[in-house]
Amino acid sequence: MKVLILSCKTGGGHDAAGFAMKEALEGHGHEAVMFDYLTLAGQKVSDTVGGVYVNTVKKMPHIFGMVYQIGMVASRIMRKSPVYYVNAKMEKYLTPYLEKEQFDAILMPHLYPSETLTYMKRQGRELPPMVAVMTDYTCIPFWEETRCDAYVVAHEEMIKACVKRGIPKEKLIPAGIPVSSRFSKKADQKKAREHLHLPFDKKLYLVIGGSMGAGDLEKLTRQFLKTRKEEEDFIIVCGNNKKIFQKMKKKYKAQEGIFIVGQTRQMDVYMKACDMVYTKPGGLTSTEAAVSGIPIVHTAPIPGCESANRRFFVRHGMSIAPRTVEAQVEKGRELLQNSEKVEAMKKAQKETVSGNSGEEIVGILENLTL
């Protein structure tokens, strides 16, 4: 089976889900091709779309939240959204590619290529089976106007909301959000720390700002240092935000017990090495942490789907999410000191989030291509 995985550079979670599926497919002997489909129109188009998204999220999150809410309303009253018509323009680039490269199935961990392919399907194009993978614990606007053959959702609780929005129930499969198998593998904490050259005798807090280095990284770091206990060290992951990485590196280079990390491909190892993770509630990072079985403190979300992710995790006992930075630091420490609550959180994570989603989605694709 030859599978095309189409993503888009609006946040790192979509790519992470795509790479997890590439890993799972290749592990079963299938061929998988993955790329940002906007690059078919030129790298400049991809960079512009990704840049607008990232800058809006980092600099004007309240604007992003407003746009998200407008999208929620529009998706209920409009037959087809402006998003659909904009993405339809990619048809002239995607059609010749698909004609040249023959695929058995197409997988989309992003809405945009799903909109393009839906337009193509409505124009009478012959297309292989199409599977959408939703990468949040909510149904974001406009999925209902797509025409995929199957929709993989993060949890069975999402089915009712998706049906209400107009997606056929028989197409909804609660297989979960795919993450790399590295996160579910057992690993000794001491060996993980040795591999990363981290101290063995400290409580280690992992602070993540997502792929964009967004969130309250600087505020959290200041609060940790202000109230720091002798046995604590902190790892701050800035993602691909080079500006904040350089700023934090310069500011804390002489500070003992603070490790500043940029973009990394070893997030699974960091999660295995640390005692607790502080992260904004992105769908992928939260799922990776839950599959890793590490206590989670959710920090301020980007308004929109991340707010829904946070509510889902808190409701199921998989994280805590105090509202202020001061409370996040304090309540995180309190949680870590209570072994019963830590074990209860890990149990809730194991019971609610599947670490086997990639394998299940491979099975879905195989059944659709029989």
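Each value, and the rule that gives it
Residues numbered from 1 in each chain as written. Predicted model: local features only at pLDDT ≥ 70, side-chain atom pairs only at ≥ 80, totals over all residues. Heavy atoms only, no water. Helix = DSSP H or I, 4+ residues; strand = E, 2+ residues; numbered from the N terminus. Buried < 20%, exposed > 50% of the residue type's maximum accessible area, 1.4 Å probe, protein only. Areas by Shrake-Rupley, 256 points an atom, 1.4 Å probe, with all protein chains shown as cover. Pairing = 2+ DSSP bridges. Contact = heavy atoms within 4.5 Å. Axes fitted to C-alpha atoms, helices over the stretch in contact; angles between N-to-C directions. Right-handed = clockwise from strand over helix to strand, strands pointing away. Salt bridge = Lys/Arg side-chain N within 4 Å of Asp/Glu carboxyl O. Parallel < 35°, antiparallel > 145°, perpendicular 65-115°, else oblique. Nonpolar A, V, L, I, M, F, W, Y, C, P; charged D, E, K, R; others polar. Phe/Tyr/Trp six-rings, centres within 6.5 Å; stacked < 30°, edge-to-face > 60°. Lys NZ or Arg CZ within 6 Å of the ring centre and 35° of its normal. Core = buried A, V, L, I, M, F, W, Y, C linked by side-chain atoms within 4.5 Å.

*Asks:* When you look at the overall build of the protein chain in this model, what are you seeing that I'm missing?
*Replies:* What the protein chain contains, in helices and strands, is 16 helices and 11 strands. Counting every position in the protein chain, which comprises 370 residues, the buried fraction comes to 54%. Summing over all exposed atoms, the protein chain offers an accessible surface of approximately 17500 Å²; the carbon and sulfur share of this is 52%.

*Asks:* I keep staring at the environment of lysine 280 and nothing clicks. Help me out?
*Replies:* Tracing the chain through its elements places lysine 280 in the loop between strand S10 (276-279) and helix H12 (283-292). Judged by relative accessible area, lysine 280 falls into the buried class, the value being 8%. When the C-alpha atoms of lysine 280 and glutamate 306 are compared, they prove to be 7.7 Å apart, with 26 residues separating the residues in sequence.

*Asks:* Could you clarify how one ought to interpret the sheet that holds strand S5 (residues 150-152) in this entry?
*Replies:* Pairing between sheet strands relies on hydrogen bonds along the backbone, with the strands arranged either parallel or antiparallel. If you trace the 6 strands from one edge of the open sheet to the other, you get S2-S1-S3-S4-S5-S6, paired in parallel fashion. Looking along the sheet, the strands with just one partner apiece sit at the ends: strand S2 (31-36) and strand S6 (172-173). Here helix H6 (residues 111-122) sits on the sheet and contacts strand S1 (2-7), strand S3 (105-108) and strand S4 (130-133); the angle it forms with S3, its principal contact strand, is near 140 degrees.

*Asks:* Sorry, what's going on with the pairing of S10 here?
*Replies:* Looking down a regular strand, the side chains alternate between one sheet face and the other. By the alternation rule, side chains of S10 split into Met276 and Tyr278 and Val277 and Thr279, which are all buried. Pairing of strand S7 (residues 203-208) with S10, which is carried by 4 bridges, proceeds in the parallel orientation. What sits directly across from tyrosine 205, in S10, is methionine 276. Relative to strand S11 (residues 296-298), S10 runs parallel, the two being bridged by 3 bridges.

*Asks:* Just checking my understanding: could you explain the sheet that holds S11 for this structure?
*Replies:* Pairing is parallel across the open sheet formed by 5 strands, whose spatial order is S9-S8-S7-S10-S11. This sheet does not close on itself; its edge strands, each paired only once, are strand S9 (258-261) and S11. Direction aside, the axes of adjacent strands within the sheet are offset by 20 degrees on average. Where S7 meets strand S8 (residues 232-237), 6 bridges bridge the pair, whose relative direction is parallel.

*Asks:* So what exactly am I meant to see when it comes to the pairing of S9 here?
*Replies:* Where S8 and S9 come together, 4 bridges link them in parallel fashion. Directly across from phenylalanine 234, in S9, lies its bridge partner isoleucine 258. A crossover connection joins S8 to the parallel S9 through helix H10 (residues 242-252); in handedness this β-α-β unit is right-handed.

*Asks:* How do you make sense of the pattern of salt bridges when you look at a structure like this?
*Replies:* Two side chains that carry opposite charge are able to pair once their charged atoms sit near each other. Applying the stated criterion across every chain, the model contains 16 salt bridges. Here arginine 165 and glutamate 144 are joined by a salt bridge, their closest N and O atoms 3.2 Å apart. Taken as a pair, arginine 165 in helix H7 (residues 158-165) and glutamate 144 in the loop between S4 and S5 lie far apart in primary sequence, 21 residues in all. Like arginine 165, the residue glutamate 144 is buried in the burial classification. Salt-bridge contacts for arginine 333 lead to glutamate 232; the nearest nitrogen and oxygen are separated by 2.7 Å. With arginine 333 in helix H14 (residues 325-336) and glutamate 232 in strand S8, this pair connects stretches of sequence that are 101 residues apart.

*Asks:* What is the right way to look at unusual backbone geometry in this model?
*Replies:* Most of the time, phi is negative for any residue but glycine, and the peptide bond is trans. Within the chain, phenylalanine 142 stands out as a residue other than glycine whose phi angle is a positive 85 degrees. Mapped onto the elements of the fold, phenylalanine 142 is located in the loop between S4 and S5. The backbone phi angle of histidine 197 is positive, close to 60 degrees, even though this residue is not glycine. On the secondary structure map, histidine 197 appears in the loop between helix H8 (189-196) and S7.

*Asks:* Help me understand the packing of helix H5 (residues 91-100) against H6, please; the structure alone is not making it clear to me.
*Replies:* Any two packed helices are characterised by how steeply their axes cross, that is the angle between the axes, and by the distance between the axes. Contact geometry for H5 and H6: axes closest at 10 Å, N-to-C directions at 75 degrees. One element, H5, and the other, H6, form an angle in the roughly perpendicular class. Seen from H5, the contacting residues are Glu91, Leu94, Thr95 and Leu98; seen from H6, they are Thr116, Leu117, Tyr119 and Met120. Of the residues contributing to the contact of H5 with H6, the split by class is 5 nonpolar, 2 polar and 1 charged.

*Asks:* Even after reading the chapter, I still don't get the packing of aromatic side chains, so can you show me in this structure?
*Replies:* For any pair of aromatic rings, the description rests on two quantities: the centre-to-centre distance and the angle between the ring planes. A complete count under the given rule lists 13 aromatic pairs for this structure. Consider the rings of tyrosine 137 and phenylalanine 313, whose centres lie 5.3 Å apart with planes at 90 degrees: the pair is edge-to-face. Within this pair, whereas tyrosine 137 is found in the loop between S4 and S5, its partner phenylalanine 313 is found in helix H13 (residues 305-315), the two being separated by 176 residues in sequence. With a relative accessible area of 0%, phenylalanine 313 lands in the buried category. Their ring planes at 85 degrees and their centres at 5.1 Å tell us that phenylalanine 224 and tyrosine 278 sit as a pair that is edge-to-face. Of the two residues, phenylalanine 224 sits in helix H9 (residues 217-226) while tyrosine 278 sits in strand S10, which places them 54 residues apart along the sequence. Both residues of the pair, phenylalanine 224 and tyrosine 278, count as buried. An aromatic cluster is built from Tyr205, Phe224, Phe234 and Tyr278, whose rings are joined through pairwise contacts. Across the ring face of phenylalanine 103, the terminal group of lysine 2 is positioned such that the distance to the ring centre comes to 4.8 Å.

*Asks:* When you look at the nonpolar core in this model, what are you seeing that I'm missing?
*Replies:* What tends to happen in soluble globular proteins is that the nonpolar side chains get buried as a cluster. Grouped together as the largest cluster of nonpolar side chains are 65 residues, with contacts concentrated most on Leu6, Leu98, Leu117, Met134, Trp143, Leu206 and Ile235. Among the elements that make up this core, the one with the highest residue count is helix H11 (residues 267-273) (5 residues). Setting aside residues up to four positions removed in sequence, isoleucine 235 forms contacts with Leu198, Leu204, Tyr205, Leu206, Val207, Phe259, Val261, Tyr270 and Cys274. If you look at the next biggest cluster of nonpolar residues, it comprises 22 residues, including Val207, Phe234, Ile236 and Val297.

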